[in-house]
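Summary of the model geometry
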Amino acid sequence: MAQPDMTRIEAAGGRPEAIRLETLRFAWPGRTSFRLEVPEFRVGRGEKVFLLGESGTGKSTLLSLICGINAPDRGSVMVDGTALADLSAPARDRFRAERIGVIFQMFNLLPYASPLENILLPLSFAPDRRRRVTDPRAEALRLTGALGLQDDLVTGARAAELSIGQQQRVAAARALIGAPALIVADEPTSALDTARQGAFLDLLMTQAEAQGATLLMVSHDARLSGRFDRVLDLSEIAMTTRGAG
Amino acid sequence: MLLPALAWQSLLSRRITVGLTIFAISLSVALFLGVEKVRTGAKASFADTISDTDLIVGARSGGVQLLLYSVFRVGNATNNLTWESYQDIAARPEVEWIVPISLGDSHRGFRVMGTSAEFFDRYKYRGGRGLEMAEGARFDDLFDAVVGADVAAELGYRTDQQIVVAHGLASFTEHDDKPFRVSGVLARTGTPVDRTVFVSLEAIEAIHVDWKNGARIPGQQVGADAVRQMELTPGAVTAAMIGTTSRLQIFGLQRWINDYPEEPLLAILPGVTLQELWDLIGVAETALVGVSAMVVATALLGMAAMIFSGLAERRREMAILRAVGARPWTILALLSLEALLMAALGVLLGMALLYGGLFAFRGWIDDSFGIYLRITAPSLRELWVMGLVLVAALVVSLAPAWRAYRMSLSDGMTVRV
Ligand SMILES: Nc1ncnc2c1ncn2[C@@H]1O[C@H](COP(=O)(O)OP(=O)(O)OP(=O)(O)O)[C@@H](O)[C@H]1O
Ligand SMILES: [Mg+2]
């Protein structure tokens with residue numbers, strides 16, 4: 001069973017690609033007529049990809065599929081060399097915890113827990129990722145320090161008491177802790193003002209680079225695409241059908 | 001360990017609604033267990049009304065009726081027990097002691113009971129407790145009376161007070177020519193003794209020497225002093241309490257009395273008849289338990305409603321948990337755990353309320369209602385009830401938890417607000 005599959009091996013580095021989608025097809029269950037089709041989409045290891053797309057075109061839907069929260073109707077999703085369809089639902093949840101760090105547009109944190117507890121959250125679902133971190137608390141503080149947050153803010157307050165910019169940085173630290181292979185960011189800057197957006201992205205990218213993580217970020221704001229390795233529009237890789245919901 | 005911590009913090013962050021829900025559960029649990037305590041306490045106090053008396057004898061009627069008039073002083077005897085029969089029974093070898101009960105007169109709403117001084121030694125309640133004098137002494141003189149605690153308290157009687165006994169239970173004719181002196185006041189017992197005026201059997205005879213068929217015999221007034229010279233053996237008594245020399249002889253004696261050829265008599269075992277009487281009242285008891293169980297159910301449904309109404313607001317929390325790797329089952333477990341925590345806190349607080357209430361009010365309850373509530377560790381039945389509340393909470397929580405499970409599957413990564 002565990003024979004090495006040559007299609008998974010990327011020619012250049014000899015290691016599997018970070019993301020590989022093939023003949024993907026997905027429709028939300030229920031009455032919505034939204035359909036998403038992706039013939040092929042690949043992201044190399046360590047690559048930083050910026051995916052543009054207008055509102056409602058299916059960017060978040062695509063990320064859900066890559067993260068294995070939703071399963072495609074047809075086609076395959078491969079992350080870090082693993083076909084998600086081969087995994088059972090619990091194994092897929094575990095896989096996500098181990099390999100993927102997620103940042104949302106806003107409301108990233110459990111409001112009742114402290115920022116520190118929020119940052120440590122994925123580690124309790126991902127034993128391997130937890131093992132890579134010798135001292136979780138110190139690592140969390142190192143990350144937030146690098147992202148420009150003061151320690152007492154991270155350990156003391158409740159997450160709900162932070163400003164939105166601070167919350168996004170805590171979310172970035174949560175995505176980065178334990179060095180997952182893939183960081184997925186769904187418009188992480190759209191709740192920030194223009195001045196802060198650049199600064200936040202710089203911090204996020206520096207940390208992702210330092211960990212050698214792959215970064216896939218979606219946004220509808222092309223101005224942010226500057227430092228990415230590759231910029232593409234969703235319409236280049238996907239066909240979406242939209243009807244009256 | 002993560003889940004309990006998350007559940008706890010999540011509850012803390014909603015402390016007002018959560019607190020109110022817990023309070024509702026605790027009140028319902030305290031009510032349910034309180035009803036349970038009062039019920040068992042009332043039943044025990046009721047069963048404790050008379051103890052150590054093996055048989056009660058009266059004219060033949062219903063057993064419950066005999067018990068009601070002889071012990072609880074409720075209702076009336078239809079017939080009497082003649083003095084000859086009484087003597088015959090007293091002469092039986094199985095009889096260790098016999099105490100007569102003569103009823104029929106009253107004093108300002110309280111029953112007057114004629115008996116022998118031995119009554120104060122033989123009457124036991126609450127598993128063998130004897131009567132005690134709060135003040136004064138037992139009757140000694142022919143016109144001495146001993147009053148129960150309620151009689152003394154309600155009428156303000158102390159020793160040496162002069163009282164007059166009325167003829168019958170609700171009449172205006174009084175035996176005012178032969179007043180009594182209160183010789184003693186009994187300590188409170190929580191039994192019908194508290195509401196009774198005791199005089200000697202001879203005194204009952206004495207106040208009736210010049211009466212016939214419920215009216216004074218015209219022109220035959222016998223003075224209080226003259227009556228002392230007379231022969232005061234009663235013609236009949238209402239009932240009698242009997243103690244046997246050995247418990248083994250109770251049934252034999254009972255059969256002998258029930259088959260007594262001279263006169264139709266009835267002998268009952270007070271414990272058995274008390275149980276019969278309680279069974280009659282038992283319907284109300286069951287209704288009470290039913291109602292308080294409904295209150296618990298209502299509180300739990302309130303909790304489910306509270307969880308449901310919080311779901312919409314907590315959708316993003318679930319999306320976050322899913323994104324960091326939580327399974328849909330984890331989310332279901334989280335919600336059920338929260339419900340379980342609330343129910344557990346509710347039960348604990350309910351117990352605290354119950355026992356606090358018991359400590360604070362049991363003296364008052366004993367004084368006012370004659371229900372003696374024992375403070376004991378929770379009984380097995382109560383532990384069952386508590387366990388059942390937790391299980392019910394878990395079951396009830398499954399509805400909103402399942403909804404959250406479905407939502408966490410269908411929402412995907414989009415954090416919906
Ligand atoms: N959980 C869901 N259930 C049903 N339909 C959904 C769900 N999430 C999204 N959709 C539908 O899928 C389509 C694409 O939505 P999606 O959120 O992926 O767009 P988007 O590109 O991320 O938009 P935006 O820029 O506004 O975030 C929309 O028509 C939306 O109604
Ligand atoms: Mg989106």
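Conventions used here
Residues numbered from 1 in each chain as written. Chains lettered and ligands numbered in written order. Predicted model: local features only at pLDDT ≥ 70, side-chain atom pairs only at ≥ 80, totals over all residues. Heavy atoms only, no water. Helix = DSSP H or I, 4+ residues; strand = E, 2+ residues; numbered from the N terminus. Buried < 20%, exposed > 50% of the residue type's maximum accessible area, 1.4 Å probe, protein only. Contact = heavy atoms within 4.5 Å. Near = heavy atom within 4 Å. Polar contact = N/O pair within 3.5 Å; in protein donor to acceptor, adjacent residues only side chain to side chain. Areas by Shrake-Rupley, 256 points an atom, 1.4 Å probe, with all protein chains shown as cover. Axes fitted to C-alpha atoms, helices over the stretch in contact; angles between N-to-C directions. Parallel < 35°, antiparallel > 145°, perpendicular 65-115°, else oblique. Left-handed = near helix turned anticlockwise from the far one by under 90°. Nonpolar A, V, L, I, M, F, W, Y, C, P; charged D, E, K, R; others polar.

Residues and elements named next belong to chain A. On the secondary structure map, glutamate 47 appears in the loop between β2 (35-43) and β3 (48-52). In this structure glutamate 47 comes out as buried when scored by relative accessible area, which is 17%. Between the C-alpha atoms of glutamate 47 and asparagine 118, which are 71 residues apart in sequence, the distance is 27 Å. In this structure, glutamate 47 is in contact with Thr214, Leu215, Asp229 and Arg230, ignoring residues within four places of it in sequence.

Lining the immediate environment of ligand 1, one finds 16 residues, of which Ser55, Gly56, Lys59, Ser60 and Thr61 of chain A sit closest. Around ligand 1, the nearby residues trace back to chains A and B. Between ligand 1 and the protein, one listed contact pairs an oxygen atom with a side-chain N or O atom of serine 55 of chain A at 2.6 Å. In isolation ligand 1 has 630 Å² of accessible area, and contact with the protein removes 76% of it. For the shell around ligand 1, the element with the highest residue contribution is helix α1 (residues 59-66) of chain A, accounting for 3 residues.

On to the packing of helix α10 (residues 270-311) of chain B against helix α13 (residues 380-410) of chain B. Residues and elements named next belong to chain B. At a minimum axis distance of 10 Å, the contact between α10 and α13 shows a crossing angle of 20°. Classified by the interaxial angle, the pair formed by α10 and α13 is roughly parallel. As α10 packs across α13, the resulting crossing turns out to be right-handed. Residue-level inspection shows Val296, Leu300, Met303, Ala304, Ile307, Phe308 and Leu311 of α10 in contact with α13, the latter providing Val389, Ala392, Ala393, Val396, Ala399, Pro400, Arg403, Ala404 and Met407. Counted by class, the contact of α10 with α13 contains 15 nonpolar, no polar and 1 charged residues.

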